[in-house]
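Spelled out from the first residue to the last, the chains are:
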Amino acid sequence: MHIYWGDDTTALECAVTALAQEVLDPAWESFNRQRLDGQQGDAAPLALTTVRMAPFGGGGRLVHVANSPFCERCPPELLTALTATLPQIPHNCHLLLTSTHKPDGRLKSTKLLQKEATVKPFPLPAVWDSRGQRQMVQRAAKAAGITMEPAAEAALAEAVGSDSSRLIGELEKLYLYSDGKAITAAAVAALVGATSQTSLQVGEALLRNHIPAALHLLDELLRTNEPALRIQASLVSQVRGWLWVAWMTAAGEKDAQTIAKAAGFGNPKRVYVLQRQVQGCQPQRLQQLLAALLELEWALKQGTPPRQAFRDHLLPLAQGRQSG
């Protein structure tokens, strides 16, 4: 039994692949590997039936239930079937349950599974969690069998931030460049593009209405060939988070869990960080900023040169200062 959960879907899928390689015979994989969508009504009961079947040929069987309902909303009839199934699973058959959500420890099904299963979390670190981003780099490098100098780990974490998909690609590139040797900070500086931290700094400059500083940082990003639409998407994500927090705080909401749920944050602690950032900034100012960024996206997709597009849409914001 295996339970993998978390919003770092890239790392989670890598772990699924590694498990499949461990338990399956490649010659019989097509017969012994099943992937079911737990959101489909009959998927969970079918998985419990399939996992009790002896594998064909050599190796084992892997039954993977994505979007697993077992640890989130397990109805009584499914709990009964799960209880009856667990003792009947052959030793070479593996039930893998994956979900973006943390298992609900209050459920009887979760308590039952946790006694039998190997549980592995794959949380995606928040954009402000530099320590978590460093740990994400360390886990990915270890899983890929790549050795990195500590300074290289720090540099790569700063460069990719919470983008685990980009992290995998950058590690592959760095591994080839280093020819199997330990990856150095110099290699990261030579190969990895503009840093996510610089994108965050652009957003913070815009938040404080420091438009010239923001445009200077944007020029630096564009000079290092950072895609303009990727910069714009990062800024939109930042501003949306600030806007949710500013709106709900202004409306009198004090519970971080409630704000986090409304804003779609996986970690309520992020709310406290954003509340400090938006202190003194009116929601209307953030609305104007978000509207400008969405218009900027349209301009970029219409072919406006990035440097001109950023200036055309961000310079007018300097005239409507509401925060300092």
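Read on for an overview of the structure. (Residues numbered from 1 in each chain as written. Predicted model: local features only at pLDDT ≥ 70, side-chain atom pairs only at ≥ 80, totals over all residues. Heavy atoms only, no water.)

1. Brief notes about the overall build of the chain
Within the chain one finds 16 helices and five strands. With 324 residues in all, the chain has 45% of them scored as buried. Within the chain, contacts between residues separated by at least 24 positions form 74% of all contacts whose residues are at least 6 apart in sequence. A total of about 16,800 Å² of accessible surface is found on the chain, and carbon and sulfur atoms cover 53% of it. (Helix = DSSP H or I, 4+ residues; strand = E, 2+ residues; numbered from the N terminus. Buried < 20%, exposed > 50% of the residue type's maximum accessible area, 1.4 Å probe, protein only. Contact = heavy atoms within 4.5 Å. Areas by Shrake-Rupley, 256 points an atom, 1.4 Å probe, with all protein chains shown as cover.)

2. Thoughts on the environment of D179
Within the secondary structure, D179 is located in the loop between α8 (164-178) and α9 (185-191). Residue D179 is classed as exposed on the basis of its relative accessible area, which comes to 64%.

3. Some thoughts on the side chain of H64
Along the chain, the position of H64 falls in strand β3 (residues 61-66). Leaving out residues up to four positions away in the same chain, H64 has contacts with V16, Q34, R35, L36, L96 and T98.

4. Section: the sheet that holds strand β2 (residues 33-37)
Ordered by their spatial adjacency, five strands build an open sheet running β2-β3-β4-β1-β5, and the pairing between neighbours is parallel. Only two strands of the sheet have a single neighbouring strand rather than two, namely β2 and β5 (118-121). Here the average twist between neighbouring strands, direction ignored, is 15°. One ladder, built from four bridges, connects strand β1 (residues 2-5) with β5; its direction is parallel. (Pairing = 2+ DSSP bridges. Axes fitted to C-alpha atoms, helices over the stretch in contact; angles between N-to-C directions.)

5. Some words on the nonpolar core
The biggest cluster of nonpolar side chains holds 42 residues, and the ones touching the most others in it are V202, L206, L218, L286, L293, F310 and L314. Sorting the residues of this core by element identifies α10 (196-207), α11 (211-223), α12 (228-250), α13 (256-263), α14 (269-277), α15 (283-301) and α16 (306-314) as the ones contributing at least two each. Of all the elements, α12 adds the most residues to this core, at 10 residues. Membership of the second largest hydrophobic core comes to 23 residues, among which are L48, C71, C74 and L113. (Core = buried A, V, L, I, M, F, W, Y, C linked by side-chain atoms within 4.5 Å.)

6. Focus on helix α4 (residues 76-85)
Along α4, the residues that are buried comprise L78, L79, L82 and T85. Considered in projection along α4, the buried side chains sweep an arc of 130° and stay on one side of the axis. Set apart from the buried face of α4 by more than 90 degrees, the exposed residues are P76, E77 and T80. Where α4 is buried, its residues touch α3 (43-50) and α5 (108-116). (Arc of directions from axis to C-beta.)

Purely geometric stuff here, so don't read any function into it on its own.
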